[in-house]
Amino acid sequence: MSSAGLLRRPALRDSCAARESWPTRFRPVLDKLVAGGREYFGSDEIAVEPLKQVERPFSTLLQIRVGTGAAAQGAFVKILKPRADTPAEIVSMQRNVLRDFEMTARVRQALDGCEGLTAVRPIACFPDELAIVTGEAVGPILSDVLVRGAAGWPRPSVVRELSRLLNRVGTWLKAAQAALPEGR
């Protein structure tokens, strides 16, 4: 699994015109990413192109493409949805955002020593916006690989390949779980 694939680079357009295409809820986060382009993406000038927004029960996810002068990379912005609009709930959700981001960083670091394994790159954390930004994992989705490969009566070579793949998944899970804080 790769954390950042190279994509076609979006044109570095007029930032006001580009901003108009951004979903309103995500504009404060995307503004911060553009302003911190050097810190987050290694370039003073970046272009952000929203690709797909997904509403989930506890968050809204926006897939973006970030173009720099050299290339482009995929990323995701996740904004958590508070259950209630109370100060206590917002503070609780801000803590959840920090924990989520810290866990992403912890898993990434734990997998650094595992050859051939990686995790998404933690890019930015904005607790005031209830948002985290991570790199995009590029590659086939495990369930798709299993559905295609294990359908019907797979050949022995396919079964061996799926077994190797699931062994790697197990190795990844073991390393990721080792990153959990004690007692969790």
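A few words on the packing of aromatic side chains. The way to describe two aromatic rings as a pair is by their centre distance and the angle between their planes. Going through the model one piece at a time under the given rule, you end up with one aromatic pair. Ring geometry for Tyr-40 and Phe-126: centres 5.9 Å apart, planes at 85°, overall edge-to-face. Of this pair, Tyr-40 sits in helix 3 (residues 37-41) while Phe-126 sits in strand 4 (residues 122-126), and the two are 86 residues apart along the sequence. Across the pair, exposure class does not vary: Tyr-40 and Phe-126 are buried alike.

Let us look at unusual backbone geometry. We note that Leu-130 has phi near 55°; this positive angle belongs to a residue other than glycine. Within the secondary structure, Leu-130 is located in the loop between strand 4 and strand 5 (131-135). In this structure Leu-130 comes out as buried when scored by relative accessible area, which is 8%.

For the rest of this paragraph, the subject is the confidence of the model for the protein chain. Of the residues in the protein chain, 90% have a pLDDT of 70 or more, and the chain-wide mean is 87. Scored below 50 in pLDDT, residues 1-9 makes 38 contacts in the model with residues more than four places away or belonging to other chains.

Let us now look at the packing of helix 5 (residues 142-150) against helix 6 (residues 156-178). For the pair helix 5 and helix 6, the least separation of the axes is 10 Å and the interaxial angle reads 160°. What the angle tells us is that helix 5 and helix 6 run roughly antiparallel. Between helix 5 and helix 6 the crossing geometry is left-handed. Residues Leu-142, Val-145, Leu-146, Gly-149 and Ala-150 of helix 5 pack against Val-158, Leu-162, Leu-165, Leu-166 and Val-169 of helix 6. Its residues assigned to classes, the contact of helix 5 with helix 6 shows nine nonpolar, one polar and no charged.

Conventions used here
- Residues numbered from 1 in each chain as written.
- Predicted model: local features only at pLDDT ≥ 70, side-chain atom pairs only at ≥ 80, totals over all residues.
- Heavy atoms only, no water.
- Phe/Tyr/Trp six-rings, centres within 6.5 Å; stacked < 30°, edge-to-face > 60°.
- Helix = DSSP H or I, 4+ residues; strand = E, 2+ residues; numbered from the N terminus.
- Buried < 20%, exposed > 50% of the residue type's maximum accessible area, 1.4 Å probe, protein only.
- pLDDT = per-residue confidence, 0-100.
- Contact = heavy atoms within 4.5 Å.
- Axes fitted to C-alpha atoms, helices over the stretch in contact; angles between N-to-C directions.
- Parallel < 35°, antiparallel > 145°, perpendicular 65-115°, else oblique.
- Left-handed = near helix turned anticlockwise from the far one by under 90°.
- Nonpolar A, V, L, I, M, F, W, Y, C, P; charged D, E, K, R; others polar.

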